[in-house]
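# Coordinate analysis (summary)
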Amino acid sequence: MCSTMRALVPLLSLFLLGGQAQHGSDWTYSEGALDEAHWPQHYPACGGQRQSPINLQRTKVQYNPALKGLKLTGYETQEGEFPMVNNGHTVQISLPSTMRMTAADGTVYIAQQMHFHWGGASSKIRGSEHTVDGIRHVIEIHVVHYNSKYKSYETAQDAPDGLAVLAAFVEVKDYPENTYYSSFISHLANIKYPGQTTTLTGLDIRDMLPKNLQHYYSYDGSLTTPPCTENVHWFVLADFVKLSRTQVWKLENSLLDHHNKTIQNDYRRTQPLNHRVVESNFPNQGLTLLPRLVLSGTITAHCSLNRLGSSDPPTSASPVMETAGKGHLASREKTKSKSKAHVNTPPLGSRQPRSLSSNTVKTHKDNVLGTRRAF
């Protein structure tokens, strides 16, 4: 009897490990028995109180001037060969241990891998995991690190202070091809099926990230995929990467999952913030609507839209502002020739100067008040 039990123990262990491995590859975002809604049943941490991603509501973000910029070393051009794999959920690039990130508190994190989350199920579906004021970006980049106090990622991934992720958003308009992504995107054809690998020769992660690496949001959260471990310090960059429409389309349509379906919409829904605090190391320069002025029957509206970490000039009105802004802009058109003022309202996600031109008010009753007033 005892010998029979001893023989069964290894078989039982193999069965359990096989079941875990099966779950590891079979979880999905929207289909099957292990879709996102059922993650907590097999991965209890996925139902925790400090889950990621979250909606970054800028009016509730706390500005912390003590947060210094991140120090990134080894992010520039790296010689050598770097494996790139289709893991059935996304494309993942293995990173060298010479890539390191030093946080504001002095903690040094070692880079492990880089992967992406995107949409693509229809032309209107965007695929970032974090949202900003409820707005989802086209793609989200994750550079996963582990705390250097631990000997390896395998050890750190279960430690309470083990992991950190540097995240960046991607936006798309009529931009030209981003040549820093050309090699990466051309290699997608080599890893169409899950488990397939290819090799990138030479790597420059710095150029694959936004220009502004100084401004970021910071909070404590989790991995956004099973097992959803709640030991991740998140750094979400305020600036974003620009890709062409063709480049985004290729990323959204090149890879297949374990069910032979195109990998699309590989993002988790935003999770409750609960009692956590989100900080930023830059002042909140979000949408600011200044009060209307009513002077002798002339009403003009003043609005200023500053995007975080922006550096490009504004180009067009934001979709979010369309309803609220149409009346203001109509009024502005009527008085434009007299006031010689203009309102620039760029789209969310565009890059622009931090301060916009002032607006001018001119009354029809008193010429003395014809002097320009800045707000």
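Summarised in this report is the structure supplied together with it. As the structure is a computational prediction, the values presented were derived from the model and not from experiment.

Of the consecutive residues S52 and P53, the connecting peptide bond is found in the cis state with omega at 5 degrees. Note on placement: P53 falls in the loop between α2 (39-42) and β1 (55-56). For the bond running from P226 to P227, omega is 15 degrees, close enough to zero to count as cis. Structurally, P227 is set in the loop between β13 (216-221) and β14 (232-243). Phi is positive for D133, which is not a glycine, with a value near 55 degrees. Classification of D133 by relative accessible area gives partly exposed; the value is 31%. At N260, a residue that is not glycine, the phi angle is positive and equals roughly 65 degrees. One can find N260 in the loop between α5 (245-253) and β15 (279-280).

Turning our eyes to something else, we now look at the packing of aromatic side chains. Counted by the stated rule, this structure contains 10 aromatic pairs. Ring centres of W27 and W39 lie 5.3 Å apart, and the angle between their planes is 85 degrees; this geometry places the pair in the edge-to-face category. Highlighted residues: W27 in the loop between α1 (2-26) and α2 and W39 in helix α2, separated in sequence by 12 residues. Given the relative accessible area of 0%, W39 is considered buried. Taken together, a centroid distance of 6.1 Å and an interplanar angle of 80 degrees make the contact between Y181 and F184 edge-to-face. Among the residues examined, Y181 registers a relative accessible area of 1% and is labelled buried. Judged by its relative accessible area of 2%, F184 is buried. Members of the aromatic cluster, connected to one another through ring pairs, are W27, Y29 and W39.

Parameters at a glance
- All chains use their own residue numbering, which begins from 1 and follows the written sequence.
- Reporting in this predicted model follows two pLDDT cut-offs: at least 70 for local features of residues, and 80 or more for side-chain atom pairs to be given and counted; totals over whole chains, interfaces and linings ignore these cut-offs and use all residues.
- Calculated side-chain values reflect all of the structure's heavy atoms, with hydrogen atoms and water omitted.
- Helical segments are the DSSP runs of H or I of at least four residues, strand segments are the runs of E of at least two, and each set is numbered from the N terminus.
- Residue exposure (1.4 Å probe, protein chains only): buried if accessible area is under 20% of the type maximum, exposed if over 50%, otherwise partly exposed.
- Stacked, tilted and edge-to-face are the three classes applied to pairs of Phe, Tyr and Trp rings, where Trp contributes its six-membered ring and a pair requires centres within 6.5 Å; stacked means planes under 30 degrees apart, edge-to-face means over 60, and tilted covers the rest.

This is a description of form; function is not addressed.
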